[in-house]
Amino acid sequence: MKKTFILLLTLLPLACMAQWKTSNDQKPINDDSKKGFFTFGIHQTTDFYKGATGIGLGMMANIGRFTDLLNVSFGVEYIEYLAGDPRPEDEKNALSIVDAGAQLIVPAYLKLNLFRTSKWTKFYIGCGAEVGMRLREGGVLKHYYEEGHVLSDHSVAITPMIGWKSRNLDFGLYYKHYLDKPFNNSIKGDKNLGDDKARIGYHFTYYF
């Protein structure tokens, strides 16, 4: 079940990109239509932390057309963390990957659509913040942690980003700096996923 879930999240960006029309059927960027000021979309992220990868899926709302200078987006997302198995060799599973738990993330971003990169897309820079709450514990490693949890009960991060946006598709690259990091410190240093306070990643959002 978990392998199927991860596979679906990996394929979602490809499905989104298939919706990015490059034909003349799509209206050009200078169209002054008032449609699409408030939209909802499916949001997918993949990011990389020390010893762990986060794969997320959620919903985003966006205020502002991609032709406007300023866009505001906010939403909710479920993120599953997979980590390299830090246990002794005789205890590791076949894939050497363990479940590190899951968070519920509430993000909010401000984006400035600066200039056109094609007939249908604009380049933007943005920054935002997100709050994360522990939703599910990854139980395999919890006895290595003094708190009994791999994940902290909450996290707070600021997120600068760059990206490209069309009427329906938003693709961005981001850097997260944690004010409160998501992983607890382990009792033993070799089990510690929580040293770093930074993460990099990308997101795809398809707006209906």
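Since we're looking at a predicted model, the values are computed, not measured. (Residues numbered from 1 in each chain as written. Predicted model: local features only at pLDDT ≥ 70, side-chain atom pairs only at ≥ 80, totals over all residues. Heavy atoms only, no water.)

Novice: Is there a simple way to think about the pattern of salt bridges in this case?
Specialist: Working definition: two side chains of opposite charge can pair if their charged atoms are close together. Taken as a whole, this structure holds seven salt bridges when the rule is applied. Residue lysine 176 is joined to glutamate 130 by a salt bridge in which the shortest nitrogen-to-oxygen separation is 3.0 Å. Of this pair, lysine 176 sits in strand S7 (residues 169–180) while glutamate 130 sits in strand S5 (residues 122–137), placing them 46 residues apart in sequence. On the basis of relative accessible area, glutamate 130 is assigned to the buried category, the value being 3%. (Salt bridge = Lys/Arg side-chain N within 4 Å of Asp/Glu carboxyl O. Helix = DSSP H or I, 4+ residues; strand = E, 2+ residues; numbered from the N terminus. Buried < 20%, exposed > 50% of the residue type's maximum accessible area, 1.4 Å probe, protein only.)

Novice: Could you clarify how one ought to interpret the packing of aromatic side chains in this entry?
Specialist: For any pair of aromatic rings, geometry is given as the distance between the ring centres together with the angle between the planes. Tallied over the entire structure, the rule returns 11 aromatic pairs. Ring plane angle 45 degrees and centroid distance 4.9 Å describe the contact between phenylalanine 171 and phenylalanine 204, whose orientation is recorded as tilted. Of the two residues, phenylalanine 171 sits in strand S7 while phenylalanine 204 sits in strand S8 (residues 198–207), which places them 33 residues apart along the sequence. A ring pair is formed by tyrosine 202 and phenylalanine 204, whose centres lie 5.9 Å apart and whose planes are at 85 degrees; its orientation type is edge-to-face. With a relative accessible area of 26%, tyrosine 202 lands in the partly exposed category. For phenylalanine 204, a relative accessible area of 8% puts it in the buried group. In textbook terms, an aromatic cluster arises when at least three aromatic residues are bridged by ring pairs, as seen for Phe115, Phe123, Trp164, Phe171, Tyr202 and Phe204. (Phe/Tyr/Trp six-rings, centres within 6.5 Å; stacked < 30°, edge-to-face > 60°.)

Novice: Help me understand the pairing of strand S3 (residues 70–84), please; the structure alone is not making it clear to me.
Specialist: Side chains on a regular strand alternate between the two faces of the sheet. With 12 bridges joining them, strand S2 (residues 52–63) and S3 adopt antiparallel strand pairing. When the sheet's bridge partners are listed, alanine 52 is paired in S3 with alanine 83. As defined by bridge partners, S3 adjoins strand S4 (residues 97–116) across 13 bridges and the pair is classed as antiparallel. Each residue of the ladder has a partner; that of phenylalanine 74, found in S4, is alanine 108. (Pairing = 2+ DSSP bridges.)

Novice: For this particular structure, what's the right way to read the environment of threonine 205?
Specialist: Residue position: threonine 205 is located in strand S8. The exposure class assigned to threonine 205 is buried, which follows from its relative accessible area of 1%. In this structure, the C-alpha to C-alpha distance between threonine 205 and lysine 165, residues 40 residues apart in sequence, is 9.3 Å. Apart from the residues within four sequence positions on either side, threonine 205 is in contact with Gly41, Ile42, His43, Met60, Asn168, Leu169 and Asp170. Polar side-chain contacts of threonine 205 include one of 2.6 Å to the side chain of histidine 43. (Contact = heavy atoms within 4.5 Å. Polar contact = N/O pair within 3.5 Å; in protein donor to acceptor, adjacent residues only side chain to side chain.)

Novice: It is not clear to me how the environment of glutamate 80 should be interpreted in this structure. Could you clarify?
Specialist: Position of glutamate 80 relative to the elements: it lies in strand S3. The exposure class assigned to glutamate 80 is buried, which follows from its relative accessible area of 6%. Put simply, glutamate 80 and isoleucine 55 are 25 residues apart on the chain and 5.3 Å apart in space, counted from C-alpha to C-alpha. Only 2.7 Å separates the side chain of glutamate 80 from the side chain of tyrosine 78, close enough to count as a polar contact.

Novice: Please explain the nonpolar core as it appears in this structure.
Specialist: Burial of nonpolar side chains together is a common tendency in soluble globular proteins. In this structure, Ala100, Val150, Phe183 and Leu193 are the most contacted members of the largest nonpolar core, which totals 17 residues. When contributions to this core are tallied by element, the ones reaching two or more residues are S3 and S4. Setting aside its immediate chain neighbours within four residues, leucine 193 contacts Tyr49, Lys50, Gly51, Ala83, Ala100, Tyr145, Val150 and Phe183. Counting six residues, the second-largest nonpolar core is a separate cluster that includes Tyr109, Tyr124, Met161 and Tyr174. (Core = buried A, V, L, I, M, F, W, Y, C linked by side-chain atoms within 4.5 Å.)

Novice: How do you make sense of the sheet that holds S2 when you look at a structure like this?
Specialist: Within a sheet, neighbouring strands are paired by backbone hydrogen bonds and run either parallel or antiparallel to one another. What the eight strands build is a closed barrel, ordered S1-S2-S3-S4-S5-S6-S7-S8; its pairing is antiparallel. Averaged over all neighbouring strand pairs, the angle between strand axes comes to 25 degrees, with direction disregarded. Pairing of strand S1 (residues 38–49) with S2, which is carried by 12 bridges, proceeds in the antiparallel orientation. The residue of S2 that forms the bridge with glutamine 44 is leucine 57. (Axes fitted to C-alpha atoms, helices over the stretch in contact; angles between N-to-C directions.)

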